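Here are the chains, one letter per residue:
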Amino acid sequence: MSENNGAKPGNGVENEKVVTAATPTETGVVDEVVMVIEQGEARPVALENIEKGLTALWQAATKANPDDANKAVMRACVFNLVICVDGDEQLAQATETVAQITWSYPCRALVLVRKPEEAQSETTASISAHCQLPTATGNRVCCEQITIVGTGQAADGLWSMVLPLLVPDLPVVLWWPGDPCIHEALFDRLLETADRLIVDSRAFIDPGATFTRLAQLVGTGHKVAFSDLSWSRLNTWRLNMAEFFDQPEFLPYLSHIDRLEIHYEAPENHQHPNFSEALLLIGWLAYQLGWQPAFGLQNRGNDASLILNQAGAPLSVTLHGHNDRMDDLGGITRMNIYASRTVTDEAEAPLRSATFTIALSDEYDHAITTVQQDNEPAVTRKVMFTKPSRTDLLCENLAVVRHDHLYESSLELAGHFSQK
């Protein structure tokens, strides 16, 4: 058995903990190895025997195929990934994602499953493995998943299982795929053990309250680095908005924006709308241009309005919800920037206006950018808009090992905007 300590997520095999299976401790385990290692099925294990069960499993993996180099197993881990989910559906989705990231980001995945609605209070555990195709050396790269289910009142105490199961001296990433329980002790306890928190604000039930809480943590200089999958979804939006003003002709409009309009995918009217991506995008603009909150977010069904302070002048922001793509709830589909400026060297037409638009196509695979300046012909351009999978988004966030100060500053402003 050999180990190399001190790894960081996303830096390949350098500083990677690698544990190679040794000799088996028992016989008659071939079927179990096939089930857990080769088929990825979960095996129940007593809480007090989780580490012993994992050790025995990896040792048995070598015994199962001692003469087959193509089935040799290399156990690898570059960080700890703690995942908190609600129920079996989220568990299945998280397990699938962990299996997909194994090749690029081998880890020890510790999945906490909350089922507080069940009457019986108990904690159970299982272990499983995720293996990729053999490497050039003939080894399959495998990582392990420990799943712990807490039902009833036991769901609130799942945090107590985390610390003893972490691989020492490796970073701890806390991924919360659903709505984080920001007002519960579980959230605070898990945050204490983490180096990084990854959320998906599209899943927030009350985006305003959650943004406000996360912004407060950022504002206090919390040691945890914060990430959001929705921030990664905004990459193409931010890039194309910036490209508008790369042209010297349009740059002066940037300090004279009059109004913003953002269209987004909204839920049914009886559900709580999710303005998270729109607020993050506004927060990014505000941070870059020095805008400050003036009047907080005012909801009107799936629409909302916000007033910002732009160097002493009011700037109106309106959000419009529609129900075209229910599978992309919260996603932005269109943005209009209305601006005007005074041209001092044109006595006959001293005031010029322009509208900058990015509109996502119905197929969600490209967008049309448009610049309409006064009565001049509109300038349009087709740009590609890729729709990354959740695995792609997670890998992008795992590649960032330090604080993303641009995101955290945008988040802090978005939290201020959320306050009414």
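On a predicted model such as this, the values are computed, not experimentally measured, just so you know.

*Asks:* Report on the overall build of the chain, specifying residues and quantitative values.
*Replies:* Across its full length, the chain holds eleven helices and 18 strands. Per-residue burial over the chain gives 52% buried out of 420 residues. Considering only contacts in the chain between residues 6 or more positions apart, those separated by 24 or more positions represent 73%. Of the roughly 19100 Å² that the chain leaves accessible, carbon and sulfur atoms contribute 51%.

*Asks:* Help me get a handle on the packing of aromatic side chains, residues and values and all.
*Replies:* Enumeration over the complete set of coordinates arrives at eleven aromatic pairs. Each ring, one from Phe-204 and one from Phe-211, has its centre 5.9 Å from the other, and the planes form 80°; the classification is edge-to-face. Residue classification places Phe-211 among the buried residues on the basis of a relative accessible area of 0%. Taking 5.3 Å as the distance between ring centres and 55° as the angle between the ring planes, the aromatic pair formed by Phe-244 and Phe-356 counts as tilted. Here Phe-244 is found in helix α8 (residues 235-244), whereas its partner Phe-356 is found in strand β16 (residues 351-360), with 112 residues between them in sequence.

*Asks:* With reference to specific residues and values, describe the environment of Leu-280.
*Replies:* With respect to the helices and strands, Leu-280 occurs in helix α9 (residues 276-289). Among the residues examined, Leu-280 registers a relative accessible area of 0% and is labelled buried. Spatially, the C-alpha atoms of Leu-280 and Ser-230 are 8.4 Å apart, while their sequence positions differ by 50 residues. Setting aside anything within four residues of it in sequence, one finds Leu-280 in contact with Ser-201, Phe-211, Asp-228, Ser-230, Trp-231, Leu-234, Tyr-407, Ser-410, Leu-411 and Ala-414.

*Asks:* Pulling in residues and values, what's your account of the side chain of Asn-397?
*Replies:* On the secondary structure map, Asn-397 appears in helix α10 (residues 390-398). Contacts of Asn-397, omitting those with residues within four sequence positions, involve Arg-196, Ile-198, Ser-227, Asp-228, Leu-229 and Ser-232.

*Asks:* Please give an account of the confidence of the model for the chain that cites residues and values.
*Replies:* With 84% of its residues at a pLDDT of 70 or more, the chain has an overall mean of 84. Segment residues 1-30 is flagged for pLDDT under 50; beyond a separation of four residues in sequence, or across chains, it makes 65 contacts in the model.

*Asks:* Which residues make up the pattern of salt bridges, and what are the values?
*Replies:* This structure, assessed with the given rule, holds 15 salt bridges. Measuring nitrogen to oxygen at the nearest pair gives 3.0 Å for the salt bridge that ties Glu-184 to Arg-114. Of the two residues, Glu-184 is situated in the loop between β8 (172-176) and α5 (185-193) and Arg-114 in strand β5 (residues 108-115); the sequence distance between them amounts to 70 residues. On the basis of relative accessible area, Glu-184 is assigned to the partly exposed category, the value being 33%. We classify Arg-114 as buried; its relative accessible area is 8%. Within the structure, one salt-bridge network assembled from shared partners comprises Asp-200, Arg-202, Arg-233, Glu-277, Asp-328 and Lys-387.

*Asks:* So what about the sheet that holds strand β18 (residues 379-384)? Which residues, and what values?
*Replies:* Strands sit in the order β12-β13-β14-β11-β15-β16-β17-β18 across an open sheet of eight strands; the sheet is mixed. What marks the edges here is a single partner per strand, and that holds for β12 (292-300) and β18. Averaged over all adjacent pairs, the angle separating strand axes in this sheet is 15°, with direction ignored. Bridge analysis of strand β17 (residues 366-373) against β18 gives six bridges, and the strand direction is antiparallel. By the bridge assignment for β18, Thr-370 is matched with Thr-380. Sheet strands in contact with helix α11 (residues 405-418) are β12 and β13 (303-310), and its direction is about 55° off that of β12.

*Asks:* Give me α5: which residues, what numbers.
*Replies:* All of the buried residues along α5 are Leu-186, Phe-187, Leu-190 and Leu-191. The buried residues of α5 occupy an angular sector of 130° when projected down its axis, which confines them to one face. Taken together, the buried residues of α5 touch β4 (80-86), β5, α4 (162-165), β8, β9 (196-199) and α6 (207-219).

*Asks:* Lay out the packing of α6 against α11 in plain terms, naming residues and giving numbers.
*Replies:* Between α6 and α11, the least distance of the axes is 8 Å, while the angle of their chain directions is 130°. Considering their axes alone, α6 and α11 lie oblique with respect to each other. For the crossing formed where α6 meets α11, the hand is left-handed. From α6, Gly-208, Phe-211, Thr-212, Leu-214, Ala-215, Val-218 and Gly-219 reach across to α11, where they touch Glu-408, Leu-411, Glu-412, Ala-414, Gly-415 and Ser-418. Split into classes, the residues belonging to the contact of α6 with α11 amount to six nonpolar, five polar and two charged.

*Asks:* Provide a residue-level description of a negative patch on the surface, including the pertinent values.
*Replies:* Together, Asp-324, Asp-362, Glu-363 and Asp-365 give the surface a local cluster of negative charge. Its location among the elements puts Asp-365 in the loop between β16 and β17. Residue classification places Asp-365 among the partly exposed residues on the basis of a relative accessible area of 37%.

*Asks:* Hey, could you go over the pairing of strand β14 (residues 313-322) for me, with residue numbers and the actual values?
*Replies:* Where strand β11 (residues 257-265) meets β14, seven bridges bridge the pair, whose relative direction is parallel. From the neighbouring strand, Glu-265 faces β14, where its bridge partner is His-322. The pairing of β13 with β14 spans seven bridges and is antiparallel. Each bridged residue has a counterpart across the sheet, and for Asn-309 the counterpart in β14 is Pro-314. Counting the residues in the hairpin turn of β13 and β14 gives two residues, including Ala-311, whose phi is positive at 55°.

*Asks:* Go over the environment of Gln-100, please, and point to the residues and values.
*Replies:* Within the secondary structure, Gln-100 sits in helix α3 (residues 87-101). Distance in space between the C-alpha atoms of Gln-100 and Gln-132 is 8.8 Å, their sequence separation being 32 residues.

*Asks:* So what about α8? Which residues, and what values?
*Replies:* Of all the residues in α8, the buried ones are Thr-236, Trp-237, Arg-238, Asn-240, Met-241 and Phe-244. Of the surrounding elements, those touching the buried residues of α8 are α7 (229-233), α9, β15 (332-342), β16, β17 and β18.

Procedures and definitions
Residues numbered from 1 in each chain as written. Predicted model: local features only at pLDDT ≥ 70, side-chain atom pairs only at ≥ 80, totals over all residues. Heavy atoms only, no water. Helix = DSSP H or I, 4+ residues; strand = E, 2+ residues; numbered from the N terminus. Buried < 20%, exposed > 50% of the residue type's maximum accessible area, 1.4 Å probe, protein only. Contact = heavy atoms within 4.5 Å. Areas by Shrake-Rupley, 256 points an atom, 1.4 Å probe, with all protein chains shown as cover. Phe/Tyr/Trp six-rings, centres within 6.5 Å; stacked < 30°, edge-to-face > 60°. pLDDT = per-residue confidence, 0-100. Salt bridge = Lys/Arg side-chain N within 4 Å of Asp/Glu carboxyl O. Pairing = 2+ DSSP bridges. Axes fitted to C-alpha atoms, helices over the stretch in contact; angles between N-to-C directions. Arc of directions from axis to C-beta. Parallel < 35°, antiparallel > 145°, perpendicular 65-115°, else oblique. Left-handed = near helix turned anticlockwise from the far one by under 90°. Nonpolar A, V, L, I, M, F, W, Y, C, P; charged D, E, K, R; others polar. Patch = residues over 30% accessible without salt bridge, like charges linked within 9 Å, V, L, I, M, F, W, Y side chains within 5 Å. Lys, Arg positive; Asp, Glu negative; His and termini not counted. Charge placed at Lys NZ, Arg CZ, Asp CG, Glu CD.

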